[in-house]
Structure formats: structure tokens, C-alpha cells
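# Coordinates in review
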Amino acid sequence: MMASNSKEQERTKEMKELEIIWETRLTPKPPFSFEHTVQKDTRFGANWYWLTPFESYEQGIMRSGFRVPETQEPVGLLVQSKGSVNQPSLEIKFFSYHSLSNFEKQQAMAVLRRSLDAERDIKEFYELSEDYPVLKQAKQDLYGARIAPLPDLLSTVMLSIVLQMASEGRTEQMLKLIYNNYGKKLEFDRHEIIVSPLAEQLRKVSEEDLRTKCKLGYRAKYIKGAASLIAEGNFPNLVNLETISSDDVKRLLMQIKGIGEFASEVVTPHPSFPVDIWSVKIFCKLFGISESRKPREMISLVKEYAKKEFGVWQKYVYEYIVNDLENLSEKFGLDL
DNA sequence: GCGTCCAGGTCTACC
DNA sequence: GGTAGACCTGGACGC
């Protein structure tokens, strides 16, 4: 009887809205644009959401969420810019069913700083941009935007797999079905968001369920395989991958079935240029690279060009262009 | 309404 | 080691 009541209380608690458990502030290095960092061009951006495909950005307020590393506790998040691009200041409210320990607070803030790339000095990138008309324009359009990874390895790997062989609409469909079916729904501040499923949970889902409920097709076995590998706990997390050399990270990631050259470049925390068959033509046109071979063969040439010209800033170059493509296509006469 | 084709990548069998 | 073909699914297109 007691156990039953306790379960009932737990269910009721889980269903009610989360409460504010911690308020704090974050001061990123200027120039920093909160809007351009969390709000991407939904038509072209590879990472067209900030932390989860089920988040809400209205009137300068972002409501989103993630799981605290180590404990995997889901937290809701409300972030609002209270400063300017040159004097940035963010007001942050965390929502949860439980209070967070000091360790969890530190972990949560570390995720947030990383997901905003808040501590990077991007002046060098902007200096480099002056030498390329297309980058100069993108810098002007997206001034202060930061390029940042998703909050955890599993969500990044899942994104890289559903990006393959799929239009933007189809990618979004698969991703939202995964989160809808297996993610954690959080209600707070009269909004509902969904954070990433747990690897442990996804590994237990049958391949057939993933295939049919999430319309993943042949990707179902890759998602399940990746979740199993991550759940085992022996694979380095995103933070640990930063401490491993870029080549080794790539080799490690490509050991996961379904992660090839392109997907490893999407996932790696190191500088990369995840150009694919769709974007390779665009980069050739924008940077005046001669399209001397078939598009698939041009991919490695464009990547070499990006590595040589942009070095540690290649991911910034890639994302600034992809996220500003609508403006750039008009100004530079691209036929998208 | 129905059939066919194709897509922002990766794996595998075959040579 | 290099490469052609298969792979889920859904949208676009032609009839």
C-alpha cells in the first residue's frame, strides 16, 4: 500500500510543472549575439536548433533543456539576453523536479558555456573574414553568432545519422519522432519542451520499434548501435573527445556503424568542415573553386581548401555561410 | 490515384 | 584498395 502510494506521488510529481530551482547569470566574451547563436536559419542550417528540436524561442526568450552530465538529471532552462552584443549578459533560470547539488550546478553551467561557445574570443575569426567577401558579408549579417555543439554525444550522433540521405524535412521528421517517442517531456513556465532520450533507454528499444515508430528505415540499427555503445560507458563523452587528437577522434567515431566521413565531421568537437554533396557546389561557387570533377569527388578538395585557408576556424566558416545562405545567395547570385 | 524516381551518406560484397 | 549497388522513406513529378 505504501509502495503504491509512493509510486502515485512520484507520478503526480513527474506530471506537474517543474519549479525554478536556481537563477544565475553568464557573461560571454564579446562580441556575442544570443539571438544569432540560438536561432538558426531553419531552411539551411545543419544545426537548426540550439539544444533540442523541441524548444521555444519567443520574443528574445529561449526555453529549452538538457540532461546534466554524470547524473543525467533533465533540467529545463529559460535564458534571456539582458545585455548587448558588445556588452553581453545572460539571465538564466534552471527548472527541475529536484534541487541541484553544487556539482550538478557546475556541470550544468559547463554545458551551457560550451553550448554557447561563450568563452571563445572570435576576433581572430573576424579578422580572417575581412579577406573573403562572402565571409565579410556573413560576419555583418550574423555579427556575434557563436558556433556550438549540441549538449551531449548521443544527440549529436543521432543528428549526424538522420542527416544522411535525407532532405531537411525528412531529417526533422525522424529526429522529432525519436524525441517524441523516447525523449523526456518537461513542462515549465507554461511551455513544454522535450530533452534527448537516454542512451540506456534507446538501447533497450527494439530495432523494429525504432524503424516503424520513428520512420528511421535502415538508420534504426545505427541509432540503436550507437546508443548501446554510449550506454556501455566506455566511449569518451564530448568533453573527453576534446582532449584526444582530431585524427584519433575521427578514427574513434568512424568505428561506430553508420558514422562515416561526413557524420564524423558533424560530431567531432575539433575544427571540421562537414561539406556534403548538397553544399559542395555552393562552397565551390562562393570561394571560386573550379568544379573540375564530379560533386562527390569535389568534397575532399573543398575540405582541403577549408583546412588550408581557415584552419581552426573552419567550422565557424562552414556554419556562418550555411546559416546565412539566404542572404548570401541573393548578394552573390547563387541559384539554390 | 498510382507508379517511378531521387535524395545533404554509409556499408558491404565483389573484383 | 577501389567501386558499384543496396539501403528506408516520403515528396515531387508525370501520366
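Refer to the structure presented above.
What counts, and at which threshold
- Residues numbered from 1 in each chain as written.
- Chains lettered and ligands numbered in written order.
- Predicted model: local features only at pLDDT ≥ 70, side-chain atom pairs only at ≥ 80, totals over all residues.
- Heavy atoms only, no water.
- Pairing = 2+ DSSP bridges.
- Helix = DSSP H or I, 4+ residues; strand = E, 2+ residues; numbered from the N terminus.
- Axes fitted to C-alpha atoms, helices over the stretch in contact; angles between N-to-C directions.
- Contact = heavy atoms within 4.5 Å.
- Salt bridge = Lys/Arg side-chain N within 4 Å of Asp/Glu carboxyl O.
- Buried < 20%, exposed > 50% of the residue type's maximum accessible area, 1.4 Å probe, protein only.
- 1 Å grid on protein atoms, 1.4 Å probe; cavity = no way out; pocket = protein on both sides within 12 Å on 5 of 7 lines; lining within 4 Å.
- Points joined across faces, edges and corners; volume = space filled by probe spheres on them.
- Nonpolar A, V, L, I, M, F, W, Y, C, P; charged D, E, K, R; others polar.
- Core = buried A, V, L, I, M, F, W, Y, C linked by side-chain atoms within 4.5 Å.

## A short note on the sheet that holds strand β4 (residues 74-81)
- If you walk across this open sheet you meet the five strands as β1-β5-β4-β3-β2, and the pairing is antiparallel. Each edge of the open sheet is held by one strand with a lone partner, namely β1 (19-26) and β2 (56-58). Here the average twist between neighbouring strands, direction ignored, is 25 degrees.
- Where β4 lies against strand β5 (residues 90-96), six bridges are found, and the strand directions are antiparallel. Considered in β5, the bridge of S81 is made with L90.
- Most of the contacts of helix α3 (residues 102-116) go to β1, to which it runs at about 55 degrees, and overall it touches β1, β3 (61-67), β4 and β5.

## Observations concerning the pattern of salt bridges
- The tally for this structure, following the rule as stated, stands at 19 salt bridges.
- E207 is the partner of R211 in a salt bridge, and the nearest nitrogen-oxygen pair spans 3.0 Å. Remark: E207 and R211 occur in helix α9 (residues 207-213); sequence separation between them is four residues, near one turn of the helix.
- Under the relative-accessibility criterion, R211 is labelled partly exposed at 33%.
- Of the residues examined, E207 reaches a relative accessible area of 31% and is grouped as partly exposed.

## What to know about empty space enclosed by the protein
- The final tally for this structure, using the stated rule, is three cavities of 30 Å³ or more.
- Taken as a whole, the largest cavity holds about 60 Å³ of empty space.
- Looking at the largest cavity, the residues that line it are L51, T52, G65, F66, R67, P151, D152, S155, Y179, V195 and S196.
- Element by element, the count of residues in the lining of the largest cavity is highest for β3, at three residues.
- Partitioned by chemical class, the residues of the lining of the largest cavity number five nonpolar, four polar and two charged.

## Considering the nonpolar core
- Counting 41 residues, the largest nonpolar core has L153, L202, L210, L216, I223 and L253 as the members making the most contacts within it.
- Those elements that place two or more of their residues in this core are α6 (153-162), α7 (168-182), α8 (199-204), α10 (220-232), α11 (238-242), α12 (246-253) and α13 (261-267).
- By residue number, the principal contributor to this core is α6, which donates seven residues.
- For L216, the contacting residues outside a window of four places in its chain are V162, M174, I178, L210, R211 and I223.
- Formed by 35 residues, the second largest nonpolar core is a distinct cluster that contains I122, I282, M298 and L328.

Without other data, these values stay purely geometric and don't point to any function.
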